[in-house]
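# Tertiary structure, described
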Amino acid sequence: MVPVRRGLERTEAGCGLRGQQVASPDKVDPIHQFAINKIVDLNIGGFDVSFTNSSLFMVVTVVLTSAFLYFATSSRAVVPSRMQSVAEMSYEFIANMLRDAAGKQGMRFFPLVFSLFMFVLVANLLGMFPYFFTVTSHIIVTFCLAMIVILTVIGYGLYKHGLHFFNLFVPSGVPAILLPLVVAIEVISFLSRPISLSVRLFANMLAGHITLKVFSGFVVSLSAFGIGGMAGAVLPLGMAVALTGLEFLVSFLQAYVFAVLTCMYLNDAIHPGH
Amino acid sequence: MLFARLDGAEGPNYVARDLERTGKQPAGRGMEVRMAVNGEPDETGKTGPYGQTKADPRDDDLDRRRRNLEASLATRQPVRQEREEGAGGATGYGQAMKLSSEFIAGVGVGAGLGWMIDRFAGSSPWGLIVFLLLGFVAGVLNVLRSVGKVAEFGQGSNRGSSRGPDQRR
C-alpha cells in the first residue's frame, strides 16, 4: 500500500486548494464530501506528505481488514464461527475466481488479488457511513491500484516469457500489411486498461455518492418549505433510501469487477501466447 | 419409411410442421403412436405399425440427442448470463459505466500518446491526429472485447476462443 499512499499524497498538494474552500454550512454542497483536509502537516524533501483524511481512511481500511482477518482466523475451529466462515468465504471467493481465470499458476498472485479486493471492498463500504471519507472516490487512488496491477502484469510477463510476452500484441492470422496498424491499436488498447480499470471504480463511487447527496439535499431543502414541502420530500427520501441500497450493491460489485479484471489481466501475463 | 427418413433428416421442425398441416394439435409423440395403432394410413400412405416400428428407435435416438443438446445448451447459457450479470451489474447502469469507461480510456490514451509524441518529436499536430484516431479504434475494440464480440488479447479470430470471454467463468 505504500506506493498508493505516496502517489496520493503527491497530488494532494495540488488538491489542497480545493480542500480549503469550505462550503457554507447551510448550503448543501454535493462535492464537499470529497474535499481533502490535512490532519497532520508534513513536508519532507519538498514534497507535501501531510497525513490527510484520505490517508486516515486508508489506514483505517487496512487496519480494519487486517484485524478482522486476524481475529476471524485466530481460533481456527473445525466448525467455523460466524466470523471465521465469513473470512473463509472471502478466501474461497477470490481463490475460485483466480483459479478460473488464470489457472493453477495464477494462485501465486493470490495475496495481491485478495489484498486489492479486500482493500477496495472495505474502502467502498466504509465510504457508505455518513460523514466518512470515500477513499476510492479519488481517481489517483484507483489509478495507483490499477498501476500496481498493470506493472505486475508487465513485470511478471517480461520476467517469465522475455520478449515473447510482446506476442500479446500480435494477433495471429492478420495480413502483414495490416500488422503495424493492428499492433498499434492493440498497444493502445493494452495501455488503456489501467485507465479504464481506475476510471470505472472512481466514476462509480463518485457518481453514486454525489447522487446520494443530491437527493438527500432535496429532502432538506424541500422540508424547509413547511407542510407541503415535507409531503413532497417523501419522494426524494424514498429515492435516497433506494439509492443507499444500490450503493451497497455497487460497492461490492465494483470490488468484484476490479478483482475479476485483475485476474484476467494476470492471465495474460501467465499465458501470453493464447 | 419416408416419414422416418424425413424425420431423421429434418429433426423437430419437420414433425411440428407436419402435425400443423394435418390439422391436429401438436400433442407430441403420443398422437402418432395412437394414430399408428389404430391402423389408419398416415399421410405418407403407409399404415402405421410397419412405419412405426422403423420410426421408433430413430425417434428415441433423436429425442435422446435433442435432450443432450438442450442439456449442453443449458449448461452453457446460464454461465454466460451469470458472467454478464456479475461483471455488468444487475442494472444497466453498471453495464453503461463499464462500456463508457472502456471507450473513454481508449480515446484518452490515444490522445495522450499522440500529444506526448508531438511534444518530444515536434511533429505537431500529426501525432495527435493519427493517435487520436487510433485511440478511437482502440476504444471501439475495447468495447467490443468487453462484450465478448472480438477475440481476447493475443488470439486471432481464426484460432477460436478456447479461453474466450464466454468460457472464462
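Keep in mind that this is a model prediction, so the values were computed, not measured.

## Side note on the overall build of chain B
In terms of regular secondary structure, chain B is built from six helices and zero strands. Excluding contacts between residues fewer than 6 apart, the proportion of contacts in chain B whose partners are at least 24 apart in sequence is 43%. Carbon and sulfur atoms make up 59% of the accessible area of chain B, which totals about 10500 Å².

## Re the confidence of the model for chain A
A residue-level look at chain A finds 89% of positions with pLDDT of 70 or above and a mean pLDDT of 85. Long-range and interchain partners of residues 1-25 of chain A, a stretch whose pLDDT sits below 50, account for 37 contacts in this model, where long-range means more than four residues apart.

## Details of a nonpolar patch on the surface
Residues and elements named next belong to chain A. A surface patch of nonpolar side chains, amounting to about 310 Å² of accessible area, comprises Ile39, Val40, Leu42 and Leu56. Residue placement: leucine 56 occurs in helix 2 (residues 53-74). For leucine 56, a relative accessible area of 33% gives the class partly exposed.

## Quick look at the packing of helix 5 (residues 139-161) of chain A against helix 6 (residues 179-223) of chain A
All names here are of chain A. Two numbers describe how helix 5 lies on helix 6: the axes approach to 8 Å, and their chain directions differ by 145°. Viewed along their axes, helix 5 and helix 6 form a crossing whose handedness is right-handed. Residues Ile139, Thr142, Phe143, Ala146, Met147, Ile150, Val153 and Ile154 of helix 5 form the contact with helix 6, whose participating residues are Phe190, Arg193, Pro194, Ile195, Leu197, Ser198, Val199, Leu201 and Phe202.

## Brief notes about helix 2 of chain A
Quick reminder: α-helices carry 3.6 residues per turn. Residues three or four places apart thus point the same way. Residues and elements named next belong to chain A. With 22 residues, helix 2 ought to run about 32 Å at 1.5 Å a step, and its terminal C-alpha atoms sit 31 Å apart, in line with that. Buried residues of helix 2: Asn53, Ser54, Ser55, Phe57, Met58, Thr61, Thr65, Leu69 and Ala72, and no others. Phi turns positive, to about 50°, at arginine 76, one or two residues after helix 2.

## Quick look at the nonpolar core
Residues Ile94(A), Phe117(A) and Val153(A) are the most contacted members of the largest nonpolar core, which totals 52 residues. The set of elements that each furnish at least two residues to this core consists of helix 2, helix 3 (82-102), helix 4 (110-126), helix 5, helix 6 and helix 8 (234-270) of chain A. Here this core gets 13 residues from one element, more than from any other, and that element is helix 8 of chain A. Beyond its immediate sequence surroundings of up to four residues, Val153(A) is in contact with Phe165(A), Phe190(A), Tyr265(A), Leu266(A) and Ala269(A). Judged by nonpolar contacts, the second largest core, of seven residues, contains Ile185(A), Ile188(A), Val109(B) and Leu141(B).

## Quick word on the pattern of salt bridges
The final tally for this structure, using the stated rule, is seven salt bridges over all chains. Put simply, Glu186(A) and Arg145(B) hold a salt bridge, and the shortest N to O gap is 3.1 Å. Of this pair, Glu186(A) sits in helix 6 while Arg145(B) sits in helix 6 (residues 126-146), on two different chains. The pair Glu186(A) / Arg145(B) is uniform in exposure class, with both members buried. Arg193(A) serves as the salt-bridge partner of Asp268(A), at 3.0 Å between the closest nitrogen and oxygen. Placement of the pair is Asp268(A) in helix 8 and Arg193(A) in helix 6, with a sequence separation of 75 residues. Overlapping salt bridges bring together Asp61(B), Arg64(B) and Arg65(B) as one network.

## A closer look at helix 6 of chain A
The end-to-end C-alpha distance of helix 6 of chain A, which contains 45 residues, comes to 64 Å, matching closely the 66 Å that a straight helix rising 1.5 Å per residue would cover. The sharpest bend along helix 6 of chain A comes to roughly 35°, located at Ser192(A), with the proline Pro194(A) sitting one to four residues further on.

## Here we look at the environment of Leu116(A)
Residue and element names in this part refer to chain A. Mapped onto the secondary structure, leucine 116 falls in helix 4. Here the alpha-carbon distance between leucine 116 and tyrosine 256, two residues 140 residues apart in the chain, equals 10.0 Å. Not counting the four nearest positions on each side in its chain, leucine 116 is found in contact with Leu145, Val149, Phe258 and Thr262.

## Digging into the environment of Arg193(A)
Residue and element names in this part refer to chain A. Its relative accessible area of 8% is what places arginine 193 among the buried residues. Spatially, the C-alpha atom of arginine 193 lies 8.0 Å from that of isoleucine 150, the residues being 43 residues apart in sequence. Of the polar contacts made by the side chain of arginine 193, one reaches the side chain of aspartate 268; its length is 3.0 Å.

## Structural notes on the environment of Val107(B)
By the secondary structure assignment, Val107(B) is in helix 5 (residues 92-121). For the pair Val107(B) and Leu132(B), spaced 25 residues apart in the sequence, the C-alpha separation amounts to 6.4 Å.

## Some thoughts on the side chain of Ser198(A)
Residues and elements named next belong to chain A. Structurally, the position occupied by serine 198 is in helix 6. When its relative accessible area of 1% is taken as the criterion, serine 198 is described as buried. In contact with serine 198, other than residues within four places in its own chain, are Thr142, Phe143 and Ala146.

## Here's the deal with the packing of aromatic side chains
All names here are of chain A. Evaluation of the coordinates by the stated rule reveals 18 aromatic pairs over all chains. Note on phenylalanine 93 and phenylalanine 117: the rings are 5.7 Å apart at their centroids and 55° apart in plane angle, and the pair reads as tilted. Separated by 24 residues along the polypeptide, phenylalanine 93 in helix 3 and phenylalanine 117 in helix 4 bring together distant segments of the chain. The class for phenylalanine 93 is partly exposed, based on a relative accessible area of 31%. A relative accessible area of 2% means that phenylalanine 117 is categorised as buried. Both rings, one in phenylalanine 129 and one in phenylalanine 132, keep their centres 5.1 Å apart while their planes meet at 40°; by these two values the pair is tilted. Relative accessible area serves as the criterion here: at 47%, phenylalanine 129 is assigned to the partly exposed category. A relative accessible area of 34% places phenylalanine 132 in the partly exposed class. By way of ring pairs, the aromatic residues Phe57, Phe129, Phe132 and Phe133 are connected into one cluster.

About the cut-offs
- Residues numbered from 1 in each chain as written.
- Chains lettered and ligands numbered in written order.
- Predicted model: local features only at pLDDT ≥ 70, side-chain atom pairs only at ≥ 80, totals over all residues.
- Heavy atoms only, no water.
- Helix = DSSP H or I, 4+ residues; strand = E, 2+ residues; numbered from the N terminus.
- Contact = heavy atoms within 4.5 Å.
- Areas by Shrake-Rupley, 256 points an atom, 1.4 Å probe, with all protein chains shown as cover.
- pLDDT = per-residue confidence, 0-100.
- Patch = residues over 30% accessible without salt bridge, like charges linked within 9 Å, V, L, I, M, F, W, Y side chains within 5 Å.
- Salt bridge = Lys/Arg side-chain N within 4 Å of Asp/Glu carboxyl O.
- Buried < 20%, exposed > 50% of the residue type's maximum accessible area, 1.4 Å probe, protein only.
- Axes fitted to C-alpha atoms, helices over the stretch in contact; angles between N-to-C directions.
- Left-handed = near helix turned anticlockwise from the far one by under 90°.
- Expected span 1.5 Å × (residues − 1).
- Core = buried A, V, L, I, M, F, W, Y, C linked by side-chain atoms within 4.5 Å.
- Bend = angle between axes of the 7 residues up to and from the residue.
- Polar contact = N/O pair within 3.5 Å; in protein donor to acceptor, adjacent residues only side chain to side chain.
- Phe/Tyr/Trp six-rings, centres within 6.5 Å; stacked < 30°, edge-to-face > 60°.

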